[in-house]
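Descriptive analysis of the structure
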Amino acid sequence: MDDCRKSGDRHSQEAFFRCAAVILPYLNPTELSSISSTCKTLYEISKPITARRTSDASRGFENLPIPFLKPTAAAAVSHSYSYFIYTPTQTFRVRDDLRQPWGSDDDARLEARPDPFLFRVEGATGCNCPSGCGECCPCSKADECLLTRECGPSCECDSGCGNRVTEGGVTVRLKIVKDERKGWCLHAAELITTGQFVCEYAGELLSTKEARQRQLTYDKIASSPALLVVREHLPSGNTCMRINIDATRIGNVARFINHSCDGGNLDMVVVRSSGSLLPRVCLFASRDIRENEELAFSYGEVGIKPNGQPCFCGSSSCIGILPSEDT
Ligand SMILES: C[S@@+](CC[C@H](N)C(=O)[O-])C[C@H]1O[C@@H](n2cnc3c(N)ncnc32)[C@H](O)[C@@H]1O
């Protein structure tokens, strides 16, 4: 009888720990560390989860893992990674209670890479280049104001076409490194040459009204908001389009790129793909970037607030305060 009870207990314990391995990847760092401190077995189950989180911020969504570099002992941080929901492409506002497993064997295999184009334009025409798309491809016409055209959903070429540079995600080696003053920073983990595509700025696409509301909240509470506003201007100087992307809660690796007052080493380019309704904001190397160099761009000159956050970009043109979006 006693043996029976013991074996029953053992079975239910085993079932519990099997469930734990499924559930723990859905926990945020605070929940994970609190549950892992309750018993040795849960601690052992949570250790590889933390290790996998540290080894790839993109949860397997990108072509290459993007590791977090362990902060030095001097840096007072409780976790060796930063927690957010990963989206490799632009997305719409997500539910506040959305959870994404991170740290399990499966990670992104559970969710396929989402379509990079949120809306397709019905009846739009694209190219039908016979063999690969080169300079003659009608889609590849770029203009001077850092606008780029790529092949897209209305084209007959396939994903191997040379004019689909940005839609497949990150193809350069990157790493995320902790800095005591700036927080997490994105670094090159290999040489990136001038003009190479680095990453899209992916996150929640917001209406201007929602972006304004979130900015007010972030001004008060968020320590590292990642709300980007990109404006397109007519030759007259008037704004003709405004794109609001918030990567604070759900975003991709671009959310780790810090500001530099001298413009940094990245160009921000609005990319339009044939047959796709919405443009995407993409970052390209503006010069050769050495391995281990930090990636940076200018957050803009809008709305410098006297009580804004201090800037530690270290450039000779640093004005000492981070630009803040004056929404
Ligand atoms: C988009 S996040 C960049 C990633 C951020 N460092 C992190 O740890 O998640 C923007 C925030 O990073 C910090 N930051 C960015 N550039 C900075 C700079 N030049 N100097 C100081 N802090 C900076 C500020 O806290 C800012 O609100």
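See the structure printed just above.
A short tour of the structure in this document, coming up. Remember, predicted model here, so these are calculated numbers, not experimental data.

**Focus on the pairing of strand β9 (residues 239-251)**
In this sheet, β9 lies alongside strand β2 (residues 85-86) in parallel orientation, the contact comprising two bridges. For Tyr86, the partnering residue across the bridge sits in β9 and is Gly251. Here four bridges tie strand β7 (residues 203-206) to β9, and the two strands are oriented antiparallel to one another. Bridge pairing links Glu204 to Asp246 in β9. Inspection of the sheet shows strand β8 (residues 227-233) paired to β9 by seven bridges, in the antiparallel sense. Counterpart to Glu232 in the pairing with β9 is Met241. Between the antiparallel neighbours β8 and β9 lie five residues, among them Gly237 with a positive phi of about 100°.

**Considerations on the sheet that holds strand β5 (residues 183-188)**
By definition, the strands of a sheet pair up through backbone hydrogen bonds, in either a parallel or an antiparallel sense. An order of β1-β4-β5 is seen for the three strands of this open sheet, with the pairing classed as mixed. At either margin of the open sheet sits one strand with a lone partner, and together these are β1 (68-69) and β5.

**What to know about the packing of helix α2 (residues 29-36) against helix α3 (residues 40-55)**
Running from amino to carboxyl end, α2 crosses α3 at an angle of 150°, the nearest separation of the two axes being 8 Å. By the angle class used here, α2 and α3 are roughly antiparallel. Each of Pro29, Leu32, Ile35 and Ser36 in α2 lies in contact with α3, whose residues at this interface are Leu42, Tyr43, Ser46, Ile49, Thr50 and Arg53. Residues belonging to the contact of α2 with α3 are distributed by class as follows: six nonpolar, three polar and one charged.

**Here we look at a nonpolar patch on the surface**
The grouping of Phe92, Phe119, Val121 and Leu277 at the surface amounts to a nonpolar patch, some 350 Å² of accessible area in total. Inspection of the secondary structure puts Phe119 in the loop between β2 and β3 (147-150). Looking at Phe119, the relative accessible area reads 40%, which means it is partly exposed.

**Comments concerning the nonpolar core**
In terms of nonpolar packing, the biggest core is built from 46 residues, with Leu174, Ile176, Leu186, Ile192, Tyr201, Val253 and Leu295 touching the most fellow members. When we break this core down by domain, the ones giving at least three residues each are domain 1 (1-55) and domain 2 (58-327). Non-local contacts of Tyr201, meaning those with residues more than four positions away in its chain, are made with Ala226, Leu227, Leu228, Ile245, Ala247, Asn252, Ala254, Val281, Leu283 and Phe297. Counting residues in each nonpolar core, the second largest holds nine residues, with Cys127, Cys155, Cys157 and Cys161 among its members.

Basis of the calculations
Residues numbered from 1 in each chain as written. Predicted model: local features only at pLDDT ≥ 70, side-chain atom pairs only at ≥ 80, totals over all residues. Heavy atoms only, no water. Pairing = 2+ DSSP bridges. Helix = DSSP H or I, 4+ residues; strand = E, 2+ residues; numbered from the N terminus. Axes fitted to C-alpha atoms, helices over the stretch in contact; angles between N-to-C directions. Parallel < 35°, antiparallel > 145°, perpendicular 65-115°, else oblique. Contact = heavy atoms within 4.5 Å. Nonpolar A, V, L, I, M, F, W, Y, C, P; charged D, E, K, R; others polar. Patch = residues over 30% accessible without salt bridge, like charges linked within 9 Å, V, L, I, M, F, W, Y side chains within 5 Å. Areas by Shrake-Rupley, 256 points an atom, 1.4 Å probe, with all protein chains shown as cover. Salt bridge = Lys/Arg side-chain N within 4 Å of Asp/Glu carboxyl O. Buried < 20%, exposed > 50% of the residue type's maximum accessible area, 1.4 Å probe, protein only. Core = buried A, V, L, I, M, F, W, Y, C linked by side-chain atoms within 4.5 Å. Domains from an automatic or database assignment.

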